[in-house]
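The lines below spell out each chain.
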Amino acid sequence: MPTGLAPSPAQPALEPWQDPSATPYLRIERVTKRFGEIYAVDDVSLEIFRGEFFSLIGGSGCGKSTLLRILAGLEHPTAGRIEIDGVDVTHVPAYARPVNMMFQSYALFPHMSVEQNVEFGLKQDRLPRAERRARVDEMLDLLKIAALRKRRPDQLSGGQRQRVALARSLAKHPKLLLLDEPLGALDKRLRENTRFELVNLQERLGITFLTVTHDQEEAMTMSTRIAVMDAGRIMQVDTPTALYEFPMNRLVAEFIGSVNLFEGKVAGREGDQLLIRTRWGWPLRMRGFQPLVIGTPVTVAVRPEKLRLCQPADPVASNRLSGQVEDIAYLGDVSIYRLRIAPDLLVEMTLTNVQPRTEQILTWGQEVTVQWSPDSGVVLTE
Amino acid sequence: MKRRRWPLLTVLVFGYAFLYVPIGLLILYSFNESRLVTVWAGFSTKWYGELLRNQQLLEAAWLSIRIAAVNATLAVVLGTLAASALTRYRRFRGRTGFELLLTAPLVMPDVIIGLSLLLLFVALQETLGWPASRGFTTISIAHMTFSMAYVAVVVRARLTQLDPALEEAALDLGARPLVVMLRITLPLIAPALLAGWLLAFTLSLDDLVIASFVTGPGATTLPMVVYASVRMGVSPQINALATLIVAIVTLSVIIAGLALRPRRRA
């Protein structure tokens, strides 16, 4: 982040990843990791900035954990280069890297008490005893586990273990903290509370966090930016908003949240709008700047909450579909409706339950017409 | 239908009787007043007293214990190394062969181990001049070859249960590999090391066959003395000695069992 310069009103503050002059704190350059014939990580390049809360997400086996382990120094990349704070650490062993990791299993040492666990890393640095004690106290207070200091890991609950693991990995004030599924082993309620706590902690300490998760909701709520991985490659790197609103391909669109996908071909262009003829025959009109030749196969992706109910006679509306309500899922705050548009096409729509009512706005089998604006979706070519 | 329990109970009683009545009788007759092993003449501990005055038996016992201790210690070192190679490195050239060869002594007949080692020691003595004579050293080496396999099995079971992330976490926190081994791995597998040590100790203590092959003049282990004296007629002293050995072995097995017992979870 540029320091000392107040952003002028004409020029809004740039996030570091938008600023071409910003220096990345962690630079991953064309890293590949091969196990035999399998490419676990395939030519991945990433730039992460100081103080970011960055998430790697993807299904199991997508290479996200391997990438994390490469950064920790627990795996050696087949090819590529890793730089942290301007220092090449590609060949630095795990014990000498300014990086710490919180393991998915927490990996607390079962034969040591909570405070011995937290102190372990500090001892390796040969810090004087007084300083070690002070640092341990600081960490135990920070994570509110001072009362547990004499306990052993098998005398702790899952949530408490998670805190001890976090305290242990933060104790050395690493330049980069790697978190492998940090909330994966907690139950749902605890997980939601811990999310906010983790973000607050990260902002307070200013340490760069890099987490790996398969939970897109978790990544969305915590991260400054997210990288979506599949089959060892990075599909897209963006802010949670951009990733959700402007996915670059079907895979990303489907991985983050729910989405309605309409396959079709480009039929023409009007200004900044593309006309698309879907494979069901009816046309769609979407905003799209890509220079696409007529006839190019594309997919229109529209999120369920972008759909609105409208009157069948409404003359202005483009992107209008009619069908019957087939399923209703009442979630309290919102309801999800699935509409049968064609024999092979179900469209999902989310409506907020604004009025306190005991009856649904729509009922099963009801004939409805829905519509969305050309701005509320994206045209995907992949 | 009413379930009848007595057939099962009978089988159980006969099973236990088959296993433990001989040992029970042996212990009982070690406290026999009479010199005849088959006639009960009243309670006495005089055979224990005589046993303690029998210089030949005591020397043999001391030799056996020394051999057992040296064997157990070296077997733990080698067996642990072998077990960690097998758990740590999932794939290396000759892994299957290594695994097979390591565990082969578990099923190899003692006679074959003894004979082959004897031939080896004789050949070594003729070519290198070492070992100069057979006895303490050769028996220890011979015992190590098979007890190492037992230790490897016990330690390997423990290593497999160990979360590999523990060692990685220690590395990640800045501990060098040697420190990781001393501060994390060894304390965590210590129960298995103790169990392996005791197992190797008892295996060595009661071996007769292999020791007879590789020993030389002057080095007579306890089982050899017992075997020889039984052939000349059983003395109740041997019963007393056997009772002591049973006590030691039972104690070792109990300690090993306690050490390997899974930790209580809170």
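Residues numbered from 1 in each chain as written. Chains lettered and ligands numbered in written order. Predicted model: local features only at pLDDT ≥ 70, side-chain atom pairs only at ≥ 80, totals over all residues. Heavy atoms only, no water.

1. Remarks on the domain arrangement of chain A
All names here are of chain A. Domain annotation of chain A identifies domain 1 (23-251) and domain 2 (258-380). Here domain 1 and domain 2 have C-alpha centroids that lie 39 Å from each other. In this complex, domain 1 contributes eight residues to the contact, which on the side of domain 2 involves eight residues. Of the roughly 740 Å² buried between domain 1 and domain 2, counting both surfaces, carbon and sulfur atoms make up 51%. (Domains from an automatic or database assignment. Contact = heavy atoms within 4.5 Å. Buried area = accessible area lost by both parts, 1.4 Å probe.)

2. Structural notes on the packing of helix H2 (residues 46-53) of chain B against helix H11 (residues 236-260) of chain B
All names here are of chain B. Contact pair H2 / H11: the axes reach a minimum separation of 8 Å and the direction vectors enclose 90 degrees. On the basis of the axis angle, H2 is roughly perpendicular to H11. Contact residues: Trp47, Tyr48, Glu50 and Leu51 in H2; Pro236, Gln237, Ala240, Leu241, Thr243 and Leu244 in H11. Class assignment for the residues of the contact of H2 with H11 results in seven nonpolar, two polar and one charged. (Axes fitted to C-alpha atoms, helices over the stretch in contact; angles between N-to-C directions. Helix = DSSP H or I, 4+ residues; strand = E, 2+ residues; numbered from the N terminus. Parallel < 35°, antiparallel > 145°, perpendicular 65-115°, else oblique. Nonpolar A, V, L, I, M, F, W, Y, C, P; charged D, E, K, R; others polar.)

3. Let's talk about the pattern of salt bridges
All names here are of chain A. Per the stated rule, a full pass over the model turns up 37 salt bridges over all chains. Close ionic contact of arginine 81 with glutamate 83 constitutes a salt bridge, the shortest N to O distance being 3.0 Å. The class of arginine 81 is partly exposed, set by a relative accessible area of 30%. One salt bridge in this structure joins lysine 150 and glutamate 115, with 2.4 Å as the shortest N-O distance. In this pair, lysine 150 is assigned in the loop between helix H3 (129-142) and helix H4 (158-170) and glutamate 115 in helix H2 (residues 114-124), connecting sequence segments 35 residues apart. Lysine 150 sits in the exposed class, given a relative accessible area of 65%. When salt bridges with common partners are traced through the structure, they connect Arg27, Glu29, Glu47, Arg81, Glu83 and Asp88 into a single cluster. (Salt bridge = Lys/Arg side-chain N within 4 Å of Asp/Glu carboxyl O. Buried < 20%, exposed > 50% of the residue type's maximum accessible area, 1.4 Å probe, protein only.)

4. Quick notes on the sheet that holds strand E18 (residues 345-352) of chain A
Residues and elements named next belong to chain A. Strand order in the open sheet formed by five strands is E15-E19-E16-E17-E18, with antiparallel pairing between adjacent strands. Since the sheet does not close on itself, it has two edges, and those belong to strand E15 (308-310) and E18, each with one partner. When the angles between neighbouring strand axes are averaged without regard to direction, this sheet yields 50 degrees. Both strand E16 (residues 320-330) and strand E19 (residues 367-371) contribute to a ladder of five bridges, which runs antiparallel. Counted as the bridge partner of arginine 320 is glutamine 371 from E19. (Pairing = 2+ DSSP bridges.)

5. Thoughts on the nonpolar core
Within the largest apolar cluster, 62 residues are counted, with the highest numbers of intra-cluster contacts made by A:Leu26, A:Leu56, A:Phe109, A:Leu178, A:Leu210 and B:Ile184. Considering every element that reaches this core, the biggest residue donor is helix H8 (residues 177-205) of chain B, with eleven residues. With residues up to four places along the chain from it excluded, the contact list for A:Phe109 reads A:Asn117, A:Phe120, A:Pro153, A:Arg168, B:Leu166, B:Ala169, B:Ala170, B:Leu173 and B:Ile184. Core analysis: the next-biggest nonpolar cluster, separate from the first, contains 32 residues, A:Tyr106, A:Leu108, A:Leu122 and A:Ile145 among them. (Core = buried A, V, L, I, M, F, W, Y, C linked by side-chain atoms within 4.5 Å.)

6. Points about the interface of chain B and chain A
Counting residues at the interface gives 22 residues for chain B, matched by 26 residues for chain A. Among the residues of chain B in contact with chain A, B:Asp172, B:Leu173 and B:Arg183 are the three that bury the most area, contributing 32% of the side total. As a salt-bridge pair, A:Arg69 and B:Glu168 come within 2.7 Å of each other at their nearest N and O atoms. The interface formed by chain B and chain A includes seven residue pairs in polar contact (both at pLDDT 80 or more). Among the elements of the structure, helix H7 (164-172) and H8 of chain B are those that each provide at least two residues to the side of chain B that touches chain A. Sorting elements by how many residues they give to the side of chain B that touches chain A places H7(B) first, with seven residues. By residue class, the composition of the side of chain B that touches chain A is 13 nonpolar, one polar and eight charged. (Polar contact = N/O pair within 3.5 Å; in protein donor to acceptor, adjacent residues only side chain to side chain.)

7. A short note on the pairing of strand E7 (residues 176-180) of chain A
Residues and elements named next belong to chain A. Among the five residues of E7, five are classified as buried, and the element is accordingly described as predominantly covered. Of the two faces of E7, both are covered, the one formed by Leu176, Leu178 and Asp180 as well as the one formed by Leu177 and Leu179. The pairing of strand E6 (residues 99-102) with E7 spans four bridges and is classified as parallel. From the neighbouring strand, methionine 102 faces E7, where its bridge partner is leucine 179. In the sheet, E7 pairs with strand E8 (residues 208-213) via five bridges, with the strands oriented parallel. Pairing of aspartate 180 across the sheet is with valine 212, part of E8.

8. A closer look at helix H5 (residues 110-127) of chain B
Residue and element names in this part refer to chain B. Over its 18 residues, H5 extends 26 Å from the first C-alpha to the last, a length consistent with the 26 Å expected when each residue adds 1.5 Å. Along H5, the positions that sit buried rather than exposed are Ile113, Gly114, Leu117, Leu118 and Phe121. One face of H5 carries all of its buried residues, which in axial projection span an arc of 130 degrees. Exposed and oriented more than 90 degrees from the buried face of H5 are Leu119, Glu126 and Thr127. Against the buried residues of H5 lie helix H4 (95-107), helix H6 (136-161) and helix H9 (209-214). Following H5 by one or two positions, glycine 129 adopts a phi angle in the positive range, close to 80 degrees. (Expected span 1.5 Å × (residues − 1). Arc of directions from axis to C-beta.)

9. Side note on helix H1 (residues 64-72) of chain A
Residues and elements named next belong to chain A. Where burial is concerned, most of H1 is hidden: eight out of the nine residues are buried. Looking only at H1, the buried set comprises Lys64, Thr66, Leu67, Leu68, Arg69, Ile70, Leu71 and Ala72. Looking at the residues trailing H1, positive phi occurs at glycine 73, about 90 degrees.

10. Some details on the confidence of the model for chain B
Averaged over all residues, the pLDDT of chain B is 88; the fraction at 70 or higher stands at 97%. For this predicted complex, the interface score ipTM comes out at 0.83, while the overall pTM is 0.81. (pLDDT = per-residue confidence, 0-100.)

11. Focus on the confidence of the model for chain A
Parts of the prediction with low pLDDT should not have their coordinates interpreted in detail. Residues and elements named next belong to chain A. Per-chain confidence: chain A averages 89 in pLDDT, with 95% of residues scoring 70 or above. Per-element confidence in chain A is highest for E6, whose mean pLDDT is 96, and lowest for E15, whose mean pLDDT is 86. Under a pLDDT of 50 for its full length, residues 1-10 has, in the predicted model, three contacts with residues more than four places off or in other chains.

12. Things to note about a nonpolar patch on the surface
Residue and element names in this part refer to chain B. On the surface, Leu9, Leu12, Tyr16, Phe18, Leu19, Tyr20 and Ile23 cluster together to form a nonpolar patch covering roughly 790 Å² of accessible area. Structurally, leucine 9 can be placed in helix H1 (residues 6-30). Leucine 9 sits in the partly exposed class, given a relative accessible area of 47%. (Patch = residues over 30% accessible without salt bridge, like charges linked within 9 Å, V, L, I, M, F, W, Y side chains within 5 Å. Areas by Shrake-Rupley, 256 points an atom, 1.4 Å probe, with all protein chains shown as cover.)

13. Focus on the sheet that holds strand E1 (residues 26-35) of chain A
Spatially, the four strands line up as an open sheet ordered E2-E1-E4-E5 (chain A), and their pairing is antiparallel. Among the strands making up the open sheet, the edge pair consists of strand E2 (38-48) and strand E5 (87-88) of chain A.

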